[in-house]
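Structure assessment
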Amino acid sequence: RVRGDMETPGRIAATPDALDFTVENVEKALHQLYYDPNIENKNLAQKWLMQAQVSPQAWQFCWALLSPDKVSEIQYFGASALHTKISRYWSDIPTDQYESLKSQLFSQIARFSSGSKMVLTRLCVALASLALNTMPEAWPGAVAEMVRVFQEEGGGVDGRARCLALLELLTVLPEEFQTSRLPQYRKGLVRGALGREWGSVCPLLQQLLRRTDSPGAVKARVLRCLSSWMLLDVPLSESEGLVHDCFSALPDPELFDTAVEAIVNAISQPDSQRYVNTLLKLVPQVLALQDQLRDAVQNGDMETCHGICRIAVTLGENHSRTLLEQVDHWQSFLALVNMIMFCTGIPGHYPVNETTSSLTLTFWYTLQDEIMSFESDKQTVYLQVYRPVYFQLVDVLLHKAQFPSDQEYASWSSDEKEQFRIYRVDISDTLMYVYEMLGAELLSNLYDKLGRLLTNTEQPTSWQHTEALLYGFQSIAETIDVNYSDVIPGLIGLIPRININNVQLADTVMFTIGALAEWLADHPVMLSSVLPLVLQALGNPDLSVSSVSTLKKICRECKFDLPPYATNIVAVSQEVLIKQIHKTSQCMWLMQALGFLLSALPVEDILRNLHSLITPYIQQLEKLADEMPNPSNKLAIIHILGLLSNLFTTLDISKQDDESADGSAPPVKTAPPPPGPNPVVVVLQQVFALIQTVLSKWLNDSQVVEAVCAIFEKSVKTLLHDFAPMVSQLSEMLGQMYSTIPQASALDLTRQMVHIFASETDHFPPIKALFELVTSVTLSVFQQGRGPAEVGVSAPSLLFFFFFFSSLGILSLKFPETPTVKSTCLFFTELLPHCSDVPPLARVVQEDGKLLVQAVLEGIGGGASRSLMDQFAEVLFSLNKHCFSLLAVWLKEALQPPGFPSSRVTTEQKDNFSQQILRERVNKRRVKDIVKEFTLLCRGLHGTEYAAEY
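What you see as residue numbers is a count from 1 along each chain, following the sequence as written. Local features are withheld for residues below a pLDDT of 70 in this predicted model, meaning they are given only at 70 or higher, and side-chain atom pairs are given and counted only at 80 or more; totals for whole chains, interfaces and linings count all residues. Hydrogens and waters are ignored; side-chain quantities use all the structure's heavy atoms.

The protein chain appears in an unreviewed UniProt entry as Importin-13 from Kryptolebias marmoratus. UniProt positions are given in the numbering used here, feature names are shortened, and annotations may be inferred rather than shown by experiment. Database annotation for the protein chain, UniProt heading Subunit (unreviewed entry): "Interacts with UBC9, RAN, RBM8A, eIF-1A and PAX6." The Sequence similarities (unreviewed entry) field of the UniProt record for the protein chain holds the comment "Belongs to the importin beta family."

Structure, rendered in C-alpha cells:
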C-alpha cells in the first residue's frame with residue numbers, strides 16, 4: 001500500500017502533452033494508480049507509467065525517484081524502470097558508461113541494504129541484468145567483484161545488512177539468467193561464465209551456513225541462494241559439502257522449507273547422475289530422515305512429511321537406474337524404496353488428512369521402467385527383489401483409494417471430493433501400469449481377496465474395502481485385454497453377491513461391469529448375471545453416468561447377443577427417458593446405446609421399436625413447432641433433435657463389427673444389409689416435413705439449425721450410400737437454408753453430401769445444383785466485404801468449396817482470421833502440384849498467379865501474423881517447385897514498387913530475398929528460414945530480442 005505521506009497531485013491527462021515523462025508527472029501517475037477510485041483512471045495511469053518506463057527520459061527520472069525523501073512505492077518504480085532499461089534496451093547504453101552505471105548500482109544497493117526490501121530486490125535484479133549483459137568480456141569475474149565489494153567495510157552500513165544484500169544479489173543473479181532475453185549464443189557464453197564463478201560463491205555460502213553465530217535470517221538466505229545456483233546445473237560433486245549442510249539444517253523449522261528446496265534442486269539436476277559416489281553418500285542421509293518423518297506423521301505435521309517425501313522421491317525418481325546398477329549397495333536402495341512406500345501409504349485420507357502420497361506415484365512408474373529396461377538376465381534378478389514390493393504397492397494403493405466413512409465424506413467440501421476423485425484416477429493409472437510387471441497374478445491376487453471378503457460371514461466387512469478391490473479390477477480391465485483371464489468368470493459370479501448399499505460402491509460395480517463389456521461379448525452366457533443390475537441402476541439418478549455409460553458399452557460390444565433382452569432394455573430406457581431421470585448428456589448416451597441395440601434386430605423389429613421410442617418426442621416436437629419461438633421451447637427442441645441425432649449416430653443395420661461409435665477403427669462388414677429402405681431413412685422421411693416446419697420458425701437461430709443439420713450429418717456418416725433416398729429433398733432444403741441465412745452447420749453438411757454423392761450419376765444433378773447455389777451465395781457474402789467469422793462460417797468448410805475460384809482464395813489470404821489464412825495456404829499448396837495435369841487449373845494459375853504472389857508477400861511484409869510465416873513459405877515453395885519460370889517473373893514484378901511489401905526493406909534486400917527463394921526448390925526448411933528472416937527485416941525486428949525468440 002502507498003503510505004499516507006504521498007502527495008495528492010492532479011490527474012494524468014490522456015493527451016500527447018502528458019507524455020512529458022518528468023519526475024513530477026511520474027509521481028502524479030503513481031498516486032493516481034494507487035489512490036484514484038476510478039478504475040478507468042487507474043488503467044490510464046498504468047498505461048502511461050508503462051510508456052514512461054521504456055522512454056529515453058527514464059534514465060533521468062529513475063535515479064531521482066530513488067531519492068531518500070521518496071516513499072518506497074516511488075523508489076520501487078524507479079528501480080523497476082532501471083531494470084527495464086538495462087534488461088530490454090541494453091543496446092542503447094554506450095560502452096563507456098558501463099562502469100559508472102555499475103558503480104551507481106553498487107552504491108544504491110548499499111544504501112537500500114538497510115532500507116526497503118522490495119526496492120533492494122529490484123536494484124539487485126537490475127545489477128544482475130547488467131552483469132549478464134557484460135560478462136565475461138566487459139566484466140570478467142563479476143561475481144568475485146560483487147563478493148569483494150560487499151565484504152569491504154564502510155559506507156555506514158552494518159555487516160549483517162551488507163551480508164543480506166550480497167546474498168540477495170547472488171540469489172537473483174541465476175534467477176535473472178533463467179528469465180533473461182539474451183540471444184541464444186550469449187546464453188551459452190554467460191552460463192559458462194556463471195559456472196566458473198561458483199568458486200567465488202561456494203566458500204562464502206559454506207562459511208555463513210556453518211558459523212554458529214550466523215542469524216537464522218542469514219542462513220535462510222544462504223539456502224535460498226544455494227537453491228538458485230543449483231538451477232545453473234552446478235556439478236553435484238562441487239556442491240556436495242553444501243548439500244550435506246542442508247541436511248543438517250532440516251531439523252530447524254525456520255530453515256526446513258528452504259533446505260528442502262535446495263536439496264531437491266541439487267539432486268534433480270540432469271547432470272547429477274554422473275556423480276555416482278556422491279549419490280551413494282546421499283542415500284544414507286535421506287534414510288536418516290525416517291525418524292523425523294515418523295514423528296511428523298504422528299504429530300500431523302503435513303509440511304514436514306511433504307518436504308521429506310519430496311527429497312526421497314527426487315533422489316529415487318531421478319537416479320533409479322544409477323542406484324539400481326550399484327549392486328553392492330542394493331540393500332540401501334531397497335531401503336530407500338521402502339521409505340518411499342511408507343510415504344505412499346502415509347496414514348490419513350488424501351487430500352484432507354495428507355497431501356504427501358500423491359508425490360510418490362510417478363516414482364513407481366520410473367522404477368518399473370528402469371527394471372523392465374534391463375537385459376533379461378539382470379531383469380530376472382531385479383524382479384525377484386521388486387515383484388514382492390510391487391504387490392505390496394498394490395495393497396497400499398487400494399487402501400489409499402478407499403473412501404472415508406460416510407459421515408466423514410459428507411463433511412468434505414466439493415473441492416476436496418474432486419481432488420480425491422482425481423487422486424483415485426492417478427491410482428487407477430498406476431495400477432494399470434503395474435499390471436505390466438505383475439501380469440495375471442495380480443488379477444488372481446485381487447480376486448482371492450475379494451472372494452474372501454464376500455464369503456466371510458464371520459467378520460463384517462466395510463463397503464469401502466469391497467469398493468476398493470473392485471476399483472482395482474476396473475482400473476486394469478478398462479485398458480488391458482483380460483479376455484484370457486481365468487478369474488473373470490468368478491468375478492462376474494461374485495458381483496451379484498455384493499450388498500450394494502452405497503452410491504460409491506454401486507458406481508464402481510457399474511463401471512467394473514462396463515470395463516468387462518468386451519469380455520461379456522466373448523462370454524454372452526454371463527450377460528444374464530449383470531444386465532439386471534445395470535437396468536435397475538438406470539432408474540437411480542445418482543448412478544446416471546455409471547449406469548448409462550455401462551449400458552452403452554454393453555450394447556456396443558454385445559449387440560449381436562442382446563436381441564433376447566432388447567424388449568426389456570428398450571422398455572426400461574423409455575421409462576427413464578420419459579421420467580427425465582438423467583441429464584441431457586446421459587440422455588444422449590442412452591440413445592446411442594439404443595442405436596447399437598436396435599442395429600442387431602430384424603428390420604421390422606427396428607421399425608416397431610423406433611415407432612414406440614420416438615413417437616412421444618415427435619408429438620412433443622409437433623406441439624413445439626406450433627408455438628412462438630422462446631428460450632424455453634428452444635431448449636426443448638434442441639434436446640429432442642439431439643436425441644434423434646444420437647440415436648441415428650449408432651443405428652447401423654449393415655452388420656458392422658465396430659470398434660467404436662466415433663469411427664476410430666475401420667468397420668468390418670460381416671453380412672450384406674437387408675433389402676429395402678434403411679429404417680433411419682424411413683423415419684427421416686416421415687419427420688422431414690416437421691423438421692422443415694421447425695426450421696421455418698428458427699432459421700435465424702444457429703443452435704437450432706446446427707441441431708437440425710446434426711441429425712442428417714450423423715445419419716449420412718453412419719449410413720453412407722444407404723442415405724441415397726434422402727439426397728434430393730435434403731439438397732433442396734439445404735439450398736433454401738443457406739440462401740436465406742448462410743450458416744456453418746449447413747455448409748458442413750453440404751460438404752459431407754458432396755463428398756459422398758457427387759461421384760454418383762443418379763445424385764449428381766441435385767448435388768450440382770446445391771453446390772452452385774452455395775458457391776453463389778458465399779461469393780456474394782464475400783463481395784459485400786464480410787469475412788467468414790462475421791457470418792459464422794468455418795474456414796475449412798468454406799475452403800473446401802470455394803477455392804475453385806482463385807480470386808476468392810487470394811482474398812482469403814488477407815483475412816484477419818488466422819485459421820482461414822492457414823486453410824487457404826494449405827489449399828494452394830495442395831492445388832499447385834496439379835497445374836501440370838489439369839489444364840484449366842494451369843490457365844487460372846497463369847492468369848492470377850501474380851495476385852497470389854502479391855498477397856503472400858503482403859502478408860510476409862507485415863500484413864499478417866508472424867505465426868503464419870511457415871504457411872506462406874509453403875505456398876512460395878510450391879510455386880517454385882511447380883511454376884518456377886512464372887514465379888521468377890511474378891517475384892520481380894511484385895517486388896518492384898518502392899515500399900512494397902514494406903518501407904523498411906531496400907531494393908537490394910528484396911532482390912536478395914527473391915534470389916534465395918528461387919534457389920531453393922528442394923529444401924523446404926530453408927525456404928521457411930528465408931521467409932522468417934525477410935519478415936523480420938520488413939517489420940524492423942531483425943537483430944532485436946524478439947528476433948532471438950522467433
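After presenting the structure, the write-up continues.
Attention now moves to the packing of helix α31 (residues 631–650) against helix α32 (residues 679–698). Between the N-to-C directions of two axes lies an angle of 0 to 180 degrees, each axis being a line fitted to C-alpha atoms and, for a helix, fitted only over the stretch in contact. Per the convention used, a helix needs a DSSP run of H or I reaching at least four residues, while a strand needs a run of E reaching at least two, with both numbered from the N terminus. Packing of α31 against α32 brings their axes to within 13 Å, and their N-to-C directions diverge by 155°. Considering the angle they form, α31 stands roughly antiparallel to α32. In the packing of α31 onto α32, the handedness of the crossing is left-handed. Across the interface between the two elements, Asn-633, Lys-634, Ile-637 and Phe-648 from α31 touch Val-680, Val-683, Leu-684, Val-694 and Trp-698 from α32. Angle categories: roughly parallel below 35 degrees, roughly antiparallel above 145, roughly perpendicular from 65 to 115, and oblique for all the rest. Here a crossing is taken to be left-handed if its near helix is turned anticlockwise relative to the far helix by less than a right angle, and right-handed if that turn runs clockwise. We call two residues in contact whenever any of their non-hydrogen atoms come within 4.5 Å of each other.

Let us look at the packing of helix α17 (residues 361–372) against helix α20 (residues 414–438). Two elements in contact, α17 and α20, have axes whose closest approach is 10 Å; the angle formed by their N-to-C orientations is 15°. Viewed along their axes, α17 and α20 adopt a mutual orientation that is roughly parallel. For the element pair α17 and α20, the recorded crossing hand is left-handed. Counted together, Leu-361, Tyr-365, Gln-368, Asp-369, Ile-371 and Met-372 of α17 and Asp-426, Ile-427, Asp-429, Thr-430, Tyr-433, Val-434, Glu-436 and Met-437 of α20 form the full contact between these two elements. Under the scheme applied, nonpolar residues are Ala, Val, Leu, Ile, Met, Phe, Trp, Tyr, Cys and Pro; charged residues are Asp, Glu, Lys and Arg; polar residues are all the others, including Gly. Residue classes in the contact of α17 with α20 are distributed as eight nonpolar, two polar and four charged.

For Gln-298, the location among the structural elements is in helix α14 (residues 290–298). The class for Gln-298 is exposed, based on a relative accessible area of 69%. For Gln-298 and Pro-347, which are 49 residues apart along the polypeptide, the C-alpha to C-alpha distance reads 9.3 Å. Each residue is placed in one exposure class: buried if its accessible area under a 1.4 Å probe, protein chains only, is under 20% of its type's maximum, exposed if it is over 50%, and partly exposed if it falls in between.

A few words on the environment of Thr-775. Here Thr-775 lies in helix α36 (residues 764–783). On a C-alpha basis, the gap between Thr-775 and Arg-88 in space is 51 Å, while along the polypeptide they are 687 residues apart.

Moving on, we come to the UniProt feature "domain: Importin N-terminal" (unreviewed entry) in the protein chain. On the UniProt side, "domain: Importin N-terminal" (unreviewed entry) is annotated at positions that read residues 45–111 here. When the span residues 45–111 is considered, its composition is 73% helix and 0% strand, and the gap between its end C-alpha atoms is 29 Å.

A few words on the domain arrangement of the protein chain. Throughout, the edges of the domains are those of an automatic or database domain assignment. Taken domain by domain, the protein chain comprises domain 1 (15–92), domain 2 (94–274), domain 3 (298–482), domain 4 (500–601), domain 5 (624–654 + 678–802) and domain 6 (806–949). Taking the mean C-alpha position of each, domain 1 and domain 6 sit 43 Å from one another.

The next point concerns the packing of aromatic side chains. In summary, the pairing rule links any two rings of Phe, Tyr or Trp, Trp by its six-membered ring, whose centres are within 6.5 Å, and it sorts them by plane angle into stacked for under 30 degrees, edge-to-face for over 60 and tilted for everything else. With the rule as written, the count across this model stands at 20 aromatic pairs. With a centroid separation of 4.7 Å and an interplanar angle of 25°, the aromatic rings of Phe-374 and Tyr-382 are classed as stacked. Pair check on accessibility: Phe-374 and Tyr-382 agree, each one buried. By the ring-pair criterion, three or more aromatic residues cluster together here, those being Tyr-350, Phe-403, Tyr-409, Trp-412, Phe-420, Tyr-423 and Trp-463. Over the aromatic face of Tyr-89 sits the side chain of Lys-85, whose NZ or CZ is 5.0 Å from the ring centroid. Any Lys NZ or Arg CZ that is within 6 Å of a ring centre and within 35 degrees of that ring's normal is treated as a charge sitting over the ring. Between Arg-424 and the ring centre of Tyr-471, over which it is positioned, the NZ or CZ distance is 4.0 Å.

Bringing the pattern of salt bridges into the picture now. Salt bridge criterion: a side-chain nitrogen from Lys or Arg within 4 Å of a carboxyl oxygen from Asp or Glu. In the structure shown here, the tally under the stated rule is 36 salt bridges. For Glu-168, the salt bridge is made with Arg-224, and the minimal N-O distance between the two is 3.6 Å. Taken together, the residues Glu-168 in helix α8 (residues 159–179) and Arg-224 in helix α10 (residues 216–230) connect sequence positions 56 residues apart. With a relative accessible area of 31%, Arg-224 lands in the partly exposed category. When the shortest N-O distance is used, the salt bridge between Lys-717 and Glu-713 registers 3.8 Å. Residue Lys-717 and its partner Glu-713 are located together in helix α33 (residues 702–719), separated by four residues, close to a single helical turn.

This part is about the nonpolar core. Nonpolar cores were defined as sets of buried Ala, Val, Leu, Ile, Met, Phe, Trp, Tyr and Cys residues, with membership established by side-chain atoms within 4.5 Å. Core analysis: the largest hydrophobic core is formed by 273 residues, its most contacted members being Tyr-386 and Phe-712. For Tyr-386, the residues in contact, after removing those within four places along its chain, are Leu-324, Phe-333, Leu-334, Val-337, Leu-367 and Ile-371. Core analysis: the next-biggest nonpolar cluster, separate from the first, contains 41 residues, Phe-827, Leu-852, Ala-873 and Phe-913 among them.

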